[in-house]
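Secondary and tertiary structure notes
Chain by chain, the residues run as shown.
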Amino acid sequence: MCCPIPISTHRSPMCGDRSFLTRRHLLASTFVAGLLPGAFGRAQAQTAPMRIISLDYGLSSTLLGLGVTPLAISDRADWGRWVREPELPAEVVDLGSSLEVNRELLAALTPDLILTTPYLDGISDRVAAYGRLLRLSVYAPENGAILEAAVRATRTLAANVGREAEAERFLERSDAFFEDCRARIARKAPPPMAFVNFLDARHARIYGPPGLFDNVLARIGVENAWKEPSNYWGFQTISIEELSRIQDPKTHLVAFDPIPGDVLPKLARSPLWQALPFAQGKQFHVLPPALMFGMVNEGMRFARLLTTLVETRL
Amino acid sequence: MTAPAARFRFSPPVLVVVLASIVALLAWRLATPYLAVPTVDGYDVRRMVLHYSLLPRAVTALVCGAALSLSGALFQQILRNPMASPTTLGISAGANLALVVATLYLPALLAAGRDAVALAGSAASAALVIGLGARRGFSPFSLVLSGLVVSLWCGALAAIFTLLNDRYLVSLFIWGAGSLAQQGWDIPLSLPWKVGLLAALAGLVVRPLSLLELGDESASGLGVRLAHLRLASVSIAVALAAIVTSAVGVVGFIGLVAPILARLAGARKTLAVLVWSSLIGATLLLLTDTAVQLLAGQFSDFLPTGAVTAVFGSPLMLILLGRLKLRQRTLPRAAAGKWLAFSGRKALPVLVVAVPFVLLMALCVGRGIDGGWAFLGDIATTEVLGLRAMRILAALSAGVMLAVAGVILQRMTGNEMASPEVLGVSAGATMGVTIAIFTIAAPGLFLQFGAAALGALVVLAIIFAFAMRAGLAPERILLAGIALSAMVDAVVGVLNASGDPRALLVLRWMSGSTYAIDPVTAAAAGIAAILTLAAVLLLRRWLDLLPLGAPQSMALGLSPFRARIVLFCVAGLMSGIATLCVGPLSFVGLMAPHIAREAGFTRARPQTLAAAFIGGTFMVLADWIGRTIIFPYQIPAGLISALIGAPFLMMLLRRKA
């Protein structure tokens, strides 16, 4: 296995966190018990650490990376499906879909700080009524390379929650981690690789610049075989035969789970797919899910998955 | 559709040859790079792309185009309706919805047979649309109106199911938008024999179909059994559309365009129309697909062919509209049935009890942080109650306005499928929001509302300009409206299939949630509802007179023209404001007037009031269900109301038949 990834080390809560968690826990249970008038909650909040709500997976996992457990996050139900790591503490409340954050819960949770992204600007006016809004821009047309934007956003976030030191340590760890991956990958001198999510048996999303995956590939020294620029989210929708635009026959193709059930059997019957040198045998690989719209944590997860793959399969 | 043909010098073969040569030119451009000698050693995938992607894709396009056009031509011949087609009758959309539901919830069914699932879906929508149409003597307008309503409903539902299930992967969108991409010969080899079989069956009905041109009675006299013939032809047409949808998804409007082109080019006899439609449809779809591939290559972006044909095909409806003859009809009085065994007087107490009950429940019953149900309970602070009240007010006002707009439109047109959803105003609002979301970097809520209002106004203006020319015939306006809706739908389909996450925002908006309501909007909606309701009650005399028909109402001292303009304006305003609150597809405006009439409220004033109560309460109930049932996640009120409302309405309409 590859090195223990930093995410798991920095998650062990410090003393301060522990007391924070307990207090927060207590507070939450008072909500449930129905003892709570709004004023009581607010009085508590002044002495307790910041009550932070995050409406974006990338920001949520970055918070955990800074040693802060968010009070509640959006789309919690799908965390295990896309983000996977770090593991989310059980007490984090699910706020519902990020595009329609449950306002009744927001009002009841009385957050101090709400983290949003440009993608959620449509609801930011609504959400702003329940706490100070911090809008961190990673996925936006003007930002360019996502990994750098994510690092900038991490620092801004840290400054706003008083965790600058933790942020620097977190970024150093991630840098060291990427460097380590780079060194391990360099020993294998891997061929160019392309990364896709299958949409159905005929279509896929392929990841290119300026996306997170592409940036990470550059960082850890793997050549992205797909060089065409994508949208600012970092992907392009293609039909399978367009994979033939990849020129180098030595290319390896990596597909992320979840792969819809009928895709691989159907592709197996496609002569075109069979003809793609990177579509089979040793040149085709499947990786566990990785969030394509994440930040530094998700970049590290991708790097770790890929490094393991390169070390074990190439 | 025969008159304009004289202007064309074309004969059908000429048209096919012209289309085919354009295809050949484009196809040459597309294929050249793949014909070149490979430059990379040992990696000869270009030849493979040519053999296993471009060629099968071309064959698929040809077969699908032919099948859809044959289906459309059959529909047009048997229903004698120049606007009939798999798209306009909701057949493809029904198949698509069935496939989406099966994919998401019953994957085992798909394994048993994709075609069968598609067939079941399209047969259901065909039965529905044609069943409704039969009761109106297959009037072209009624039929296409019901068809497009079903089509939009199925499309919206399919999109929203997808949205609820898969935030990141948009496979179903792509497929719903009809991509012809192929990587092998599986589909192009299995489709032709199915289509061929059905075409052979169609060949069997050609003779009786041509006898039908002599008129129903002469045909019966010559031994044609009309009911059997209708059933057989429609079944063949439905099956053709279903297998295409099952193979490649929804390819819009080809089945409408090709038969029309065939007739414009001079095909007269049934056999000629069927044959040339198929050939023209085949080349036309291939042409579109080749152009789409060339274009997509240019922008390095993904364009689903089916949605592209819809974007270009739907405006054709507008052109066609001007050429159709139509008769003014009156409201079918027999419909005031006693289904609910209520007279208006008896229904009143039910309303009086139900309305406050629903309002109270919507306000007080909710779920706590731990997800448990509670009457009031810990979570219900003043702030939360205020939030709920706001959404209740918005839903109530929207429901009231949609219901009353529905009453106006149904009374004015005498068409039971008339409703604000099909007026096109909602489509305009959707388009406005879509443009705002895609052109402005980060449109705030206020900007989105502004864009929606602007879009609604623009469409209203277009429809009016169009309607003035058409003499303000109500059914034309409705059909123009729904043609615009179909176009907007297609544009949104293209955007969704591209996978841009912003498309999710548009979809959210379309699904009709009261989520984004703020106190000002809610209050404004409330005031608008009261004012417009008062205005309608003042105009109730017009609403009582107009259904009697233009001559009668004129004799009673009413200028139908002026009355219609005013009423359309009011209905447009109401549906525009309501759309801002609950989205374009709630179907409350379609449903509430029917229920009111069924309950015995037949005259204008009682029907308006009862519909307002029913619509408002229903919307509040839908909003409450949406807020609580999968807490903390939320289902948009518009979707819930469409989900409950549409089947209920169909039941109601069937009962009356």
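Residues numbered from 1 in each chain as written. Chains lettered and ligands numbered in written order. Predicted model: local features only at pLDDT ≥ 70, side-chain atom pairs only at ≥ 80, totals over all residues. Heavy atoms only, no water.

**Structural notes on the overall build of chain A**
Test applied: Numbered from the N terminus, helices here are DSSP runs of H or I no shorter than four residues, and strands are runs of E no shorter than two. Exposure classes here rest on a 1.4 Å probe applied to the protein chains alone. A residue is buried below 20% of its type maximum, exposed above 50%, and partly exposed in between. We call two residues in contact when some of their heavy atoms are within 4.5 Å. Residue exposure ignores everything except the shown protein chains as possible cover, and the areas themselves are Shrake-Rupley values with a 1.4 Å probe.
When you go through chain A residue by residue, the secondary structure sums to 13 helices and 10 strands. Classification of the 314 residues of chain A by burial places 63% in the buried group. Residue pairs in contact within chain A that sit at least 24 positions apart in sequence constitute 64% of those at least 6 positions apart. For chain A, the computed accessible surface area is about 11,100 Å², with 57% contributed by carbon and sulfur atoms.

**Points about the domain arrangement of chain A**
Frequently, the measure chosen for interface size is the accessible area removed from exposure when the parts meet. Residues and elements named next belong to chain A. Quick reminder of the rule: Boundary definitions for the domains trace back to an automatic or database domain assignment. Two parts placed together each lose some accessible area under a 1.4 Å probe, and the buried area is that loss summed for both. Criterion for a salt bridge: a side-chain nitrogen of Lys or Arg within 4 Å of a carboxyl oxygen of Asp or Glu. The definition of a polar contact used here is a pair of N or O atoms within 3.5 Å, where within protein one atom must be able to donate a hydrogen and the other to accept one, and adjacent residues in sequence count solely through side-chain atom pairs. Each residue gets one of three labels, nonpolar for Ala, Val, Leu, Ile, Met, Phe, Trp, Tyr, Cys and Pro, charged for Asp, Glu, Lys and Arg, and polar for the others, Gly among them.
When its domains are assigned, chain A resolves into domain 1 (6–136) and domain 2 (191–313). Opposite the 15 residues of domain 1 that make contact, domain 2 presents 14 residues. Here domain 1 packs against domain 2, burying approximately 1,200 Å² in sum over the two surfaces, 63% of which is carbon and sulfur. A salt bridge links E85 to R301; its shortest N-O distance comes to 2.7 Å. The interface formed by domain 1 and domain 2 includes five residue pairs in polar contact (both at pLDDT 80 or more). Contributions of two or more residues to the side of domain 1 that touches domain 2 are made by α1 (6–10), α4 (57–65) and α5 (79–82). No other element matches the six residues that α4 contributes to the side of domain 1 that touches domain 2. When grouped by side-chain class, the residues that make up the side of domain 1 that touches domain 2 number eight nonpolar, four polar and three charged.

**A word on the sheet that holds strand β5 (residues 132–135) of chain A**
Two pairing modes exist for strands in a sheet, parallel and antiparallel, and in both the strands are linked by backbone hydrogen bonds. Residues and elements named next belong to chain A. Cut-off, in case you're wondering: Two strands qualify as a pair provided DSSP detects at least 2 bridges between them.
In space, the five strands of this open sheet follow the order β3-β2-β1-β4-β5, with parallel pairing throughout. One side of each edge strand has no neighbouring strand; the edge strands of this open sheet are β3 (93–94) and β5. Here strand β1 (residues 52–54) runs beside strand β2 (residues 72–73); their pairing, made up of two bridges, is parallel. Its bridge partner lying in β2, S54 is registered against I73.

**Let's talk about the nonpolar core**
To keep it simple, the criterion reads: Throughout this description, the term nonpolar core refers to a set of buried Ala, Val, Leu, Ile, Met, Phe, Trp, Tyr and Cys residues connected via side-chain atoms within 4.5 Å.
Ranked by size, the top nonpolar core spans 275 residues in total, and within it I53, L95, F195, I220 and L306 of chain A together with L74 and F75 of chain B carry the most contacts. Top contributing element to this core by residue count: helix α15 (residues 382–413) of chain B, with 17 residues. Counting residues in hydrophobic clusters, the runner-up holds 21 residues, among them F198, A225, W226 and W273 of chain A.

**Considerations on the pattern of salt bridges**
Using the criterion set out here, one finds 24 salt bridges over all chains in the structure. With a closest N to O distance of 3.2 Å, R126 of chain A and D518 of chain B form a salt bridge. Here the residue R126 of chain A occupies a position in helix α7 (residues 121–127), and D518 of chain B occupies one in the loop between α19 (502–510) and α20 (519–538), the pair thus bridging two chains. What emerges from the salt-bridge pattern is a single network uniting E104 of chain A together with R388, R391, D623 and R627 of chain B.

**As for the sheet that holds strand β8 (residues 235–239) of chain A**
Residue and element names in this part refer to chain A. Heads up, the rule is: Interaxial angle, 0 to 180 degrees, is taken between N-to-C directions of lines fitted to C-alpha atoms, where a helix line uses only the stretch in contact.
Strand order across the open sheet formed by five strands is β8-β7-β6-β9-β10, with mixed pairing between neighbours. Every interior strand has two partners, whereas the edge strands, β8 and β10 (284–287), have only one. Here the average twist between neighbouring strands, direction ignored, is 35 degrees. The pairing of strand β6 (residues 193–198) with strand β7 (residues 203–207) spans three bridges and is classified as antiparallel. What sits directly across from V196, in β7, is I206.

**As for unusual backbone geometry**
Backbone phi values are negative for most residues with the exception of glycine, while trans is the configuration of most peptide bonds. Residue and element names in this part refer to chain A. The omega angle of the peptide bond from E85 to P86 is -5 degrees, so this bond is cis rather than trans. Among the structural elements, P86 can be located in the loop between α5 and β3. Here the bond from D257 into P258 is cis, since omega is -5 degrees, no more than 30 degrees from zero. Examined against the element boundaries, P258 turns out to sit in the loop between β9 (252–256) and α11 (263–268).

**So, the packing of aromatic side chains**
Residue and element names in this part refer to chain A. Basically, it comes down to this: Any two of the Phe, Tyr and Trp rings considered here, Trp counted by its six-membered ring, make a pair once their centres fall within 6.5 Å; the pair's planes then place it as stacked at under 30 degrees, edge-to-face at over 60, or tilted in between.
If you walk through the whole model with that rule in mind, you get 18 aromatic pairs over all chains. Ring centres of F213 and F256 lie 5.1 Å apart, and the angle between their planes is 35 degrees; this geometry places the pair in the tilted category. Within this pair, whereas F213 is found in helix α10 (residues 212–220), its partner F256 is found in strand β9, the two being separated by 43 residues in sequence. The burial state of F213 is the same as that of F256; both residues are buried. Note on F256 and F302: the rings are 5.9 Å apart at their centroids and 50 degrees apart in plane angle, and the pair reads as tilted. Placement of the pair is F256 in strand β9 and F302 in helix α13 (residues 296–313), with a sequence separation of 46 residues.

**A closer look at the pairing of β9 of chain A**
Residue and element names in this part refer to chain A. The element β9 is extensively covered by neighbouring structure, given that five of its five residues are classed as buried. Neither face of β9 is left uncovered, since the one carrying H252, V254 and F256 and the one carrying L253 and A255 both have all their residues buried. Of the strand pairs in this sheet, β6 and β9 are connected by four bridges, and their pairing is parallel. Looking across to β9, one finds that M193 is bridged to H252. Sheet topology note: the β9/β10 ladder contains four bridges and is parallel.

**A few points about the state of the cysteines**
Worth spelling out the cut-off: Any two cysteine sulfur atoms within 2.5 Å of one another count as a disulfide.
Taken as a whole, this structure holds zero disulfides over all chains when the rule is applied. Of all cysteine sulfurs in the structure, the one in C154 of chain B sits closest to C64 of chain B, which takes part in no disulfide; the separation is 20 Å.

**Side note on the packing of α15 of chain B against α20 of chain B**
Packed helices, taken two at a time, are described by the angle between their axes plus the distance between the axes. Residues and elements named next belong to chain B. Rules: Oblique is the label for any angle not covered by the other classes, which are roughly parallel (under 35 degrees), roughly antiparallel (over 145) and roughly perpendicular (65 to 115). Working rule for handedness: look at the near helix, and if it is turned counterclockwise from the far one by less than a right angle, call the crossing left-handed; if clockwise, right-handed.
Here α15 crosses α20 at 30 degrees, and the two axes come no closer than 8 Å. Accordingly, the angle class assigned to the pair α15 and α20 is roughly parallel. Like other packed secondary-structure pairs, α15 and α20 cross with a definite hand, here left-handed. When α15 is examined against α20, the residues M390, L393, S397, M401, V404 and I408 are found in contact with a partner set consisting of P519, A522, A523, A525, G526, A528, A529, T532, L533 and V536. When the residues that make up the contact of α15 with α20 are grouped by side-chain class, the tally is 13 nonpolar, three polar and no charged.

**What to know about the pairing of β8 of chain A**
All names here are of chain A. Counting buried residues in β8 gives five out of five residues, a clear majority hidden from the surface. Across the two faces of β8 the burial is the same, with F235, T237 and S239 and Q236 and I238 all buried. As defined by bridge partners, β7 adjoins β8 across five bridges and the pair is classed as antiparallel. Bridge assignment links A204 to a residue of β8, and that residue is I238.

**What about a nonpolar patch on the surface?**
Residues and elements named next belong to chain B. To keep things clear, this is the line we draw: Residues enter patches when they are more than 30% accessible in relative terms and free of salt bridges; like-charged ones are connected within 9 Å and nonpolar ones (Val, Leu, Ile, Met, Phe, Trp, Tyr) within 5 Å.
On the surface, V14, V18 and I22 cluster together to form a nonpolar patch covering roughly 200 Å² of accessible area. With respect to the helices and strands, V18 occurs in helix α1 (residues 12–35). A residue is classified by how much of its surface remains accessible, and V18, at 34% relative accessible area, is partly exposed.

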